[in-house]
Amino acid sequence: MAKRNTFFQDEKIEKKIDLKQLMRTVKYVLPFKKTVIMVGLLLLISSVTSLIPPRLLKIIVDQVVVNEDYKQLVLLCGSMFFLAIVEITVSYIQTKKMGKVGFSIISKVRTDIFEHLQELSFDYYDSRPDGKIVVRVTEYINGLASFFSNYVLMFAVYIVKVVVVSVFMLSLSPLLTLVVFATVIPMIVCMSLLKRVLSKKWTDLRAKNSNRSAFLVESIMGEQIIKNYSRIEKNKSVYDEIHQKSVRSWWRIVVLSRLNSPITMGFWNVGTLAIYGVALALILGGSPGVTAGTVITFTSYMSSFRDPISQIATIIQELAQVSSNLEQVFDTIDYPVDIADRENAVELKDVKGKVDFENVTFEYDEGNTILENFNLHVEPGKTIALVGHTGAGKTTVINMLTRFYDVKSGSVKIEGIDVRDIKLHSLRDKVGVLMQDPFIFKGTIMDNIRYGKWDATDEECIESAKLIHADKFIERFPGGYQHMLDERGADLSAGERQLISFARIVLKNPAIIIMDEATSAIDTETEMIIKEALDELTRDKTTFIVAHRLSTVKNADQILCIGNKGIMESGNHEELIAKRGFYYQLSRT
Ligand SMILES: Nc1ncnc2c1ncn2[C@@H]1O[C@H](COP(=O)(O)OP(=O)(O)OP(=O)(O)O)[C@@H](O)[C@H]1O
Ligand SMILES: [Mg+2]
């Protein structure tokens, strides 16, 4: 089990982002290679077209003005205008195309992360707060979205521009070009160093923001208890403390990021002065080929060079943030799905209901064994009841059968097949669980019942509800079955939520049924009423019933008293009463 994390603890990412990880993003770009190649060509066109005008300017300064050739002037100005139109059009097309590619990539990452989260086992969810999972899918991906749709394209644009401008500058004056590089290279080195420091700060900020989200989500979910125990003021101060940590972390980033501009400007100003100095020395020294036109064109190229360079510096800085986001996103996408189909997993067919637990040992956290060498053999069609103190391990036994968790050693078998060798969908199809606090999804009552069987018709859903007498309370709602329920079924009573989950299981009609405190919130009278329907549902099916209310388990074929990491006593009601042991004591309280 992964180490448990909470809102006051920074999450540590094991796998740091490196170039290899970054290259993984290429996998996401590959499906769009045609568009990317096209955009690349457009980039080249727009970069070249933006660099021709300074050349034309050189001709105007050095030749047209000297020769007073107005015809050539009109021709050159017309060409410059045409080139400007071409550049604008090409830029528009490439931005539009790349924006679309960026969004498609992000939507694929978003789908991948969600699909992976659906497959991850309970262990993953147990070991971190919900809020920290939510921010990975929302906030971090949003950060990536803007990077992919804006910066990836621009990064390519700027790199191409830098290369093309360098070629143009070199063709004009290799010596002056060298001066430019002597300025730019140390500047890029400084920026990269700054990026490295910033990366760490961003990771810290991510962790702090994540803590805040975790606390926020927990506070929303626990709102009732917070109010009931007058924890509002205390919670405000906890929030403030967590929030301040995040603000301080953010402030450190702001201060460091502000260094970006002075560094680029500083290097650039020194570089420009050096260019003028060298150019002046060359002109005064009578160097051939360096004219006033050369200096004007060169400085014009220099400004075409400065923009992409300072943008590249900004992108390097953005990369600091993005790599920290990618770290979190890939950490989720790569998290191993430990409960998955084995290679040769089989479908469960013709389930009669034979269940065997063989020497099962299990622990949620290392060193804290909940079940030890647990053995149980159930014949088809029997009803098994599990009773025992709170925290004894009843739900844990059930969790092994449904493979919500995997045994540490030993095995659980259905029809003689190890549950780990059964395809998960088949196992979950054949084994139905009714929980104490069933989850109600936002949607109509009908939708919630249909969770039991996706392709069920409205009539089938209504029939299931009627069978367990849930129709009476459903029809009290203004829209009946079409009534829109609140999130988590907040507008239902606990018993009503349980009745909806009963309707779900009736619809699903699994071969093995597990009821874990499934009637605990239903009053005894209603329980008696639905008992008939339940008997009908569970007839000839292997059924596990976990209940504290002994009246619910009295008629079971076998009652297991769970405790001390295993079965303390077992037998039917009469046998256990006669034993005068744990069960007998339980029946007297
Ligand atoms: N997800 C989990 N992670 C770690 N420990 C757990 C987890 N779920 C249960 N436990 C621990 O395992 C033990 C057995 O829990 P289990 O839920 O099986 O008890 P139970 O018999 O069903 O109790 P109850 O009657 O209250 O439902 C408890 O001590 C509990 O603290
Ligand atoms: Mg339980």
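Residues numbered from 1 in each chain as written. Chains lettered and ligands numbered in written order. Predicted model: local features only at pLDDT ≥ 70, side-chain atom pairs only at ≥ 80, totals over all residues.

A tally of helices and strands in the chain yields 20 helices and 12 strands. For 589 residues, the compact-globule estimate of 2.2 N^0.38 gives 25 Å, and the chain exceeds it by more than 25% at 35 Å. Along the longest, intermediate and shortest principal axes, the C-alpha atoms of the chain span 120 × 50 × 50 Å. Per-residue burial over the chain gives 33% buried out of 589 residues. Sequence separation of at least 24 residues holds for 81% of the intrachain contacts in the chain that already meet a minimum separation of 6. (Helix = DSSP H or I, 4+ residues; strand = E, 2+ residues; numbered from the N terminus. Rg over C-alpha atoms; globule rule 2.2 N^0.38 Å. Buried ≥ 20, exposed ≤ 12 C-beta atoms within 10 Å, placed from the backbone. Contact = placed C-beta atoms within 7 Å.)

Near ligand 1 you find Asp126, Tyr364, Asp365, Ile370, Gly388, Thr390, Gly391, Ala392, Gly393, Lys394, Thr395 and Thr396, and these make up its full shell. Top element by residues in the shell around ligand 1 is helix H11 (residues 394-401). It accounts for 3 residues. Grouping the constituent residues of the shell around ligand 1 by class yields 3 nonpolar, 6 polar and 3 charged. (Near = placed C-beta within 6 Å. Nonpolar A, V, L, I, M, F, W, Y, C, P; charged D, E, K, R; others polar.)

What follows concerns helix H9 (residues 260-284). Because an α-helix completes one turn every 3.6 residues, residues spaced three or four positions apart along the sequence face the same direction. For H9, with 25 residues, the first-to-last C-alpha span of 36 Å sits near the 36 Å given by 1.5 Å per residue. When we look at burial in H9, the residues that qualify are Thr264, Phe267, Trp268, Gly271, Ile275 and Ala279. Along its buried surface, H9 packs onto helix H6 (174-221) and helix H10 (292-334). (Expected span 1.5 Å × (residues − 1).)

So, about the domain arrangement of the chain. By domain assignment, the chain separates into domain 1 (26-333) and domain 2 (355-588). Distance between the C-alpha centres of domain 1 and domain 2: 55 Å. (Domains from an automatic or database assignment.)

Strand order in the open sheet made by the 6 strands is E6-E9-E10-E3-E11-E12, with mixed pairing throughout. Looking at the sheet topology across the chains shown, the edges are occupied by strand E6 (431-434) and strand E12 (566-571). Neighbouring strand axes in the sheet, compared pairwise and without regard to direction, differ in orientation by 20 degrees on average. Of the pairings in the sheet, the one linking strand E3 (residues 383-387) to strand E11 (residues 558-563) comprises 4 bridges and is parallel in character. Across the sheet, the residue bridging to Val387 is Cys561, located in E11. Sheet contacts for helix H16 (residues 494-508): E6 and strand E9 (512-516); angle to E6, the most-contacted strand, approximately 170 degrees. (Pairing = 2+ DSSP bridges. Axes fitted to C-alpha atoms, helices over the stretch in contact; angles between N-to-C directions.)

Looking now at unusual backbone geometry. Non-glycine residue Ser230 carries a positive phi angle of around 50 degrees. Here Ser230 lies in the loop between helix H7 (223-228) and helix H8 (232-257). Even without glycine at this site, His469 takes up a positive phi of about 60 degrees. As for its position among the elements, His469 is in the loop between helix H14 (458-467) and helix H15 (471-475).

Time to look at the environment of Ser47. Tracing the backbone through its elements, the reader meets Ser47 in helix H2 (residues 33-67). The class of Ser47 is buried, set by 23 C-beta atoms lying within 10 Å. Note: C-alpha distance between Ser47 and Val160 (113 residues apart in sequence) is 7.1 Å. Apart from the residues within four sequence positions on either side, Ser47 is in contact with Val160, Lys161 and Val164.

In this sheet, strand E2 (residues 369-378) lies alongside strand E1 (residues 355-363) in antiparallel orientation, the contact comprising 6 bridges. Looking at the pairing, Phe357 lines up with Leu376 of E2. Where E1 and strand E4 (residues 409-414) come together, 5 bridges link them in antiparallel fashion. Paired with Asp356 across the bridge in E4 is Lys413.

The subject of this paragraph is H16. Taking 1.5 Å of rise per residue, 15 residues should cover 21 Å, and H16 covers 21 Å from first to last C-alpha, within 8% of that figure. The element H16 is extensively covered by neighbouring structure, given that 12 of its 15 residues are classed as buried. Burial in H16 covers these residues: Glu496, Arg497, Gln498, Leu499, Ile500, Ser501, Phe502, Ala503, Arg504, Ile505, Val506 and Leu507. Those residues of H16 hidden inside the fold are in contact with E6, helix H13 (445-450), H14, H15, E9 and helix H17 (524-538). Just past H16, the residue Asn509 takes up positive phi, approximately 50 degrees.

What follows is about the sheet that holds E2. As summarised here, the arrangement of the 4 strands in space is E2-E1-E4-E5, forming an open sheet in which the pairing is antiparallel. Looking at strand neighbours, the two that pair on one side only are E2 and strand E5 (417-418), the edges of this open sheet. Sheet contacts for H11: E1, E2 and E4; angle to E1, the most-contacted strand, approximately 115 degrees.

Turning to the nonpolar core, a few remarks are in order. Ranked by internal contacts, the top residues of the largest apolar core, which has 67 residues, are Ala385, Leu386, Met400, Phe502, Ala503 and Ile559. A total of 7 residues in this core trace back to one element, the largest contributor, which is H16. In contact with Phe502, not counting residues within four places along its chain, are Leu434, Ile468, Ala470 and Ile530. Within the second largest apolar cluster, 51 residues are counted, among which are Ile141, Phe148, Ile275 and Ile312. (Core = buried A, V, L, I, M, F, W, Y, C linked by C-beta atoms within 7 Å.)

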